[in-house]
Amino acid sequence: MTQSPTSIHDAVREHYAERIKNNASCCGSDNCCSTESDLYPADLLSTLPDGESSVSYGCGDPITLASLQPGQTVLDLGSGAGLDCFFAAKKVGETGQVIGVDMTPEMIERARSSAKRLNLQNVEFRQGYLEDLPVDSDTVDVIVSNCVINLSPDKSKVFAEAFRVLKPGGKLAVSDIVTDGPLPDVVKKSLSAWAGCVAGAVEAEEYIAMMEAVGFTNISITPVYFNKETIESAINEMKDVVELQSIPRDEVYKAVYSAKITAYKPG
Ligand SMILES: C[S@@+](CC[C@H](N)C(=O)[O-])C[C@H]1O[C@@H](n2cnc3c(N)ncnc32)[C@H](O)[C@@H]1O
């Protein structure tokens, strides 16, 4: 049976509420789990006090990809505990503005309390869905997102909303999980694999087609393969959902990967 959009939202929200309540980092099945020093360069990490970059559920570094400039308005889709918003706030400075949107109340609460502790005045967090963004049209210079769009049951709607809120000429800079080839049905139907950033991932070509369909141009997608330990850990975590042990490892390493994606709203 295919999962309904509501059951996917509910399962994903419950999963991440649980992760943050337990102070757990990583997406869950450890499949997009990295420590912050794996994801971000030292000069970016050094913009936040020691210990403030430890809660990450991401799979890449959309902040470096975004090349943010002082004074810009930045929107983070699925801001989680707020880490990318905090890095962005440092980059855009006092004249810029950063908005994080997330559907999970526990994430919003954690992000708001961390922003207060860090004394960041140019960041705000709004509870809402990526498929119906609580953001005005044509108001955002750069959208970032880290390991989130794969979790949406309606990715076309997410891209349409991203396109709506970007200013003409605005940039989308995303780290996300995509696949090289279709996933087995048994994986796609598993809610726990969905919440762990695997089952919802689509093929890179489909991802690009969805962005083109809503109007994005100059789309670029660059694979960043996971290290072997991460893949082994994910295969092990998913053993009750799907048997992947028999698939040649090289195929698995290339089948599901983190990608750096950039795209623009025409000016
Ligand atoms: C894998 S975590 C990534 C969090 C953050 N970007 C980071 O790098 O740490 C996914 C986040 O996206 C949020 N999320 C997933 N699907 C969403 C949707 N459709 N609308 C709003 N938020 C969503 C979850 O609540 C969760 O906080």
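Rules and cut-offs
Residues numbered from 1 in each chain as written. Predicted model: local features only at pLDDT ≥ 70, side-chain atom pairs only at ≥ 80, totals over all residues. Helix = DSSP H or I, 4+ residues; strand = E, 2+ residues; numbered from the N terminus. Buried ≥ 20, exposed ≤ 12 C-beta atoms within 10 Å, placed from the backbone. Contact = placed C-beta atoms within 7 Å. Axes fitted to C-alpha atoms, helices over the stretch in contact; angles between N-to-C directions. Parallel < 35°, antiparallel > 145°, perpendicular 65-115°, else oblique. Left-handed = near helix turned anticlockwise from the far one by under 90°. Near = placed C-beta within 6 Å. Nonpolar A, V, L, I, M, F, W, Y, C, P; charged D, E, K, R; others polar. Pairing = 2+ DSSP bridges. Right-handed = clockwise from strand over helix to strand, strands pointing away.

Peer 1: Just to check I follow, could you spell out the overall build of the protein chain for this structure?
Peer 2: Secondary structure assignment for the protein chain yields 12 helices and 7 strands. Per-residue burial for the protein chain yields a buried fraction of 47% across its 267 residues. Of all intrachain contacts in the protein chain linking residues separated by at least 6 positions in sequence, the fraction that spans at least 24 positions is 76%.

Peer 1: When you look at the packing of helix α7 (residues 155-165) against helix α10 (residues 204-214) in this model, what are you seeing that I'm missing?
Peer 2: Relative placement of two packed helices is described by the angle separating their axes and the distance separating the axes. Where α7 meets α10, the closest approach of the two axes is 9 Å, and the angle between their N-to-C directions is 45°. The orientation of α7 with respect to α10, classified from their angle, is oblique. Where α7 crosses over α10, the two elements pack in a sense that is right-handed. Facing α7, whose interface residues are K155, S156, F159, A160 and F163, α10 presents M210, M211, A213 and V214.

Peer 1: Where do I start with the site of the ligand in this structure?
Peer 2: For the ligand, the set of nearby residues contains 27 residues, the closest of which are G58, G78, G80, T104 and N146. Elements represented by at least two residues in the shell around the ligand include exactly α1 (5-21) and α5 (83-92). The dominant element in the shell around the ligand, judged by the number of residues it contributes, is α1, at 4 residues. Partitioned by chemical class, the residues of the shell around the ligand number 14 nonpolar, 9 polar and 4 charged.

Peer 1: Looking at this model, I keep getting lost on the sheet that holds strand β2 (residues 97-102). Mind explaining?
Peer 2: Read from one edge of the open sheet, 7 strands run β3-β2-β1-β4-β5-β7-β6, paired in mixed fashion. Across the chains shown, the open sheet's two edge strands, defined by having one partner strand only, are β3 (123-127) and β6 (217-224). Averaged over all adjacent pairs, the angle separating strand axes in this sheet is 15°, with direction ignored. Across 6 bridges, the pairing between strand β4 (residues 140-146) and strand β5 (residues 166-179) is parallel. Residue V142 lies in a different strand from β5, and its bridge partner there is K171. Contacts from α7 reach β1 (73-77), β4 and β5, with the element oriented near 155° to β5. Across the sheet, α10 lies against β5, β6 and β7 (256-264), angled at about 160° from β6, the strand it touches most.

Peer 1: What is the right way to read the environment of I8 from this model?
Peer 2: Note that I8 resides in helix α1. Residue I8 is classed as buried on the basis of its 20 C-beta neighbours within 10 Å. Taking the C-alpha atoms as reference points, I8 and P153, separated by 145 residues in sequence, lie 6.6 Å from one another.

Peer 1: Help me understand unusual backbone geometry, please; the structure alone is not making it clear to me.
Peer 2: Most peptide bonds are trans, and most residues other than glycine sit at a negative phi. The backbone of D138 shows a phi angle near 55°, a positive value even though the residue is not glycine. With respect to the helices and strands, D138 occurs in the loop between β3 and β4. Assessed through the 11 C-beta atoms surrounding it within 10 Å, D138 is described here as exposed. If you check the backbone angles, N218 has positive phi at about 50° while not being a glycine. Inspection of the secondary structure puts N218 in strand β6. Residue class for N218 comes out exposed when judged on the 10 C-beta atoms lying within 10 Å of it.

Peer 1: Please explain the pairing of β5 as it appears in this structure.
Peer 2: A regular strand places its side chains so that they alternate between the two faces of the sheet. Of all 14 residues that make up β5, 11 are buried, and the element is covered over most of its length. In this fold, β4 hands off to α7, which returns the chain to β5; that crossover is right-handed. As defined by bridge partners, β5 adjoins β7 across 9 bridges and the pair is classed as antiparallel. The partner of V178 across the bridge, within β7, is Y257.

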